[in-house]
Amino acid sequence: MSDPEVILINGEKECYLLLESVINTQKNLIVVLHKNTPTLFNKAFKKFASVSSVQEFLREFGSLLNRFVPHDSYFHAGKVENHDEWIPSLAALNEQDRVVSMISGRGEPYAFSVTVDTPIKEYAILSFTDISQDLIKRIMIENDASIDHESGAYNKNYFLHTSKSFYDAAEFNKKAVGITMIELMSSESEAERYLRDFTLSIKSSIRQSDMLIRWGKKVFLLAYLINNPENALNFSQKLFAIMKEDPFDTLKNISMRVGTTIQKEKEEITDIIRRAEKALNEAGSSQVMML
């Protein structure tokens, strides 16, 4: 009974195996506690914390409460008078306030919404839902940092902070991320005169789920989900034509070049963008280049 992973209901090993099997199917981080001490983690939590067992976690970090980042925006040890009662204190919070931040085993900060269940006396089950991307989006939108005001496209920093959501959406929908980069081939002062028309022309031809981002003074990045490279190339060529049609015929006065690419299996977005930039640099004026 010295092993925390078998100190479960009535000490039944069968209960442990059954519960372990169930929680290992969950994407959320799941922790079972007995008298505030973790007794069981699911695979998702072990992966997040980079530990192989409860014993390793307790040896490295001690209480689970110690893992909560002490920031005013989140629940943490400093907000609890009696550390032996931190679980009831957490459970008593409104849903929007029941949020903690933890650092992953790779040193990355995450924010989690927490569900607390106490089905049996002295036992608690905590479920941590990752809300990091939603929180970042909300904060940046509230701070008016999501839109580039000169062009009306998304801000580059907003996309960089929230690109994980785009990556996850591609994986969930079993599609690939397509990246098309467009450069206005003119002086910066001349390009500024066409920014609004350019943005409107693109937005009139893309889906609501697609993202148009101002990447530089004269460069825009379009991120979207796609099935195959041929569709990505056709999509980019179609945009090239639409941008100079009525009512955006003012764009006929400016040359552009386009570079496009599509995600390879499990490829990170930063690598896709790097290849799209290479394609853009190799494209000539009024040309679509794909790599």
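J.: Summarise the sheet that holds strand β3 (residues 99–103); cite the residues concerned and give the values.
T.: As summarised here, the arrangement of the five strands in space is β2-β1-β5-β4-β3, forming an open sheet in which the pairing is antiparallel. The outermost strands of the open sheet, each flanked by one partner alone, are β2 (37–41) and β3. Going across the sheet, the axis of each strand differs from the next one's by a mean of 35 degrees, ignoring polarity. Sheet topology places strand β4 (residues 109–117) next to strand β5 (residues 123–130); six bridges connect them, and they run antiparallel. Considered in β5, the bridge of V114 is made with F128. Contacting β1 (29–34) and β2, helix α1 (residues 13–23) runs over the sheet at an angle of about 70 degrees to β2.

J.: Help me get a handle on the pairing of strand β7 (residues 211–214), residues and values and all.
T.: Every second residue of β7 is oriented toward a common face, with M211 and I213 on one face and L212 and R214 on the other, all of them buried. By the bridge criterion, four bridges tie β7 to strand β8 (residues 219–226) in an arrangement that is antiparallel. When the sheet's bridge partners are listed, M211 is paired in β8 with A223. Counted between consecutive antiparallel strands, the loop separating β7 from β8 contains four residues.

J.: Tell me about the packing of aromatic side chains, and please be specific about residues and values.
T.: Scanning the model with the defined rule gives 16 aromatic pairs in all. Look at F68 and F75: their rings are 6.3 Å apart centre to centre, the planes differ by 65 degrees, and that puts the pair in the edge-to-face class. In this structure, F68 and F75 share a single accessibility class: buried. Where Y110 meets F112, the ring centres are 6.1 Å apart and the plane angle is 20 degrees; that geometry is what we call stacked. What makes Y110 buried here is its relative accessible area of 17%. Note on F112: relative accessible area 2%, which makes it buried. Following the ring pairs from residue to residue traces out a cluster consisting of F41, F45, F48, F57, F61, F68, F75, W86, Y110, F112 and F128.

J.: Account for the side chain of N42, naming residues and giving values.
T.: Structurally, N42 is set in the loop between β2 and α2 (43–49). According to the relative accessible area criterion, N42 is buried, its value standing at 0%. Side-chain polar atoms of N42 contact the backbone nitrogen of F45, separated by 3.0 Å. For N42, the residues in contact, after removing those within four places along its chain, are I23, N24, Q26, N28, L29 and I30.

J.: Before we move on, can you summarise unusual backbone geometry with the specific residues and values?
T.: Its identity as a non-glycine residue notwithstanding, K35 has a phi of 50 degrees, on the positive side. Locating K35 in the fold gives a position in the loop between β1 and β2.

J.: How would you sum up α1? Please name residues and give values.
T.: Those residues of α1 not exposed but buried are Y16, E20 and I23. All buried residues of α1 project into a common sector of 75 degrees when viewed along the axis, lining one side. Opposite the packed face of α1, turned more than 90 degrees from it, sit the exposed residues E14 and L18. In this fold, the buried residues of α1 make contact with β1 and β2.

J.: Could you give an account of helix α9 (residues 269–282), naming the residues involved and the relevant values?
T.: Between its first and last C-alpha, α9 extends 20 Å over 14 residues, near the 20 Å set by a 1.5 Å rise per residue. Among all positions in α9, only I269, I272, I273, R275, A276, A279 and L280 are buried. Considered in projection along α9, the buried side chains sweep an arc of 160 degrees and stay on one side of the axis.

J.: Give a detailed account of the nonpolar core, specifying residues and quantitative values.
T.: Core analysis: the largest hydrophobic core is formed by 29 residues, its most contacted members being F45, L64, F68, W86 and F128. Contributions of two or more residues to this core are made by β1, α2, α3 (54–61), α4 (86–91), β3, β4 and β5. Discounting residues that sit within four places of it in the chain, W86 has contacts with L33, N36, S63, L64, L65, F68, F75, V80 and L126. With 25 residues, the next largest nonpolar core counts I182, F235, F240 and M243 among its residues.

So, how was this worked out
- Residue positions are given per chain, counted from 1 along the sequence in the order it is written.
- Side-chain atom pairs in this predicted model are given and counted only at pLDDT of 80 or more, local residue features only at pLDDT of at least 70, and totals for whole chains, interfaces and linings cover all residues.
- The side-chain numbers reported here are obtained from all heavy atoms of the structure, hydrogens and water having been left aside.
- Two strands make a pair as long as DSSP finds a minimum of two bridges between them.
- What counts as a helix is a DSSP run of H or I of at least four residues, what counts as a strand is a run of E of at least two, and both are numbered from the N terminus.
- Each axis is a line fitted through C-alpha atoms, taken for helices only over the stretch in contact, and angles between the N-to-C directions span 0 to 180 degrees.
- What makes two residues a contact is simply this: any of their non-hydrogen atoms within 4.5 Å.
- The buried label goes to any residue with under 20% of its type's maximum accessible area, the exposed label to any with over 50%, and the partly exposed label to all in between, with areas taken from a 1.4 Å probe on protein chains only.
- Geometry of aromatic contacts follows a simple scheme: Phe, Tyr and Trp rings, the Trp one being its six-membered ring, pair when their centres are within 6.5 Å, and the pair is stacked under 30 degrees between planes, edge-to-face over 60, tilted otherwise.
- Polar contacts, as used here, are pairs of N or O atoms within 3.5 Å; protein pairs need one atom able to donate a hydrogen and one able to accept it. Residues neighboring in sequence count only if both atoms are side-chain atoms.
- By construction, the arc corresponds to the directions joining the helix axis to the C-beta atoms.
- Expected helix span is given by 1.5 Å per residue-to-residue step, counting one fewer step than there are residues.
- Note on terminology: a nonpolar core comprises buried Ala, Val, Leu, Ile, Met, Phe, Trp, Tyr and Cys residues joined through side-chain atoms within 4.5 Å.

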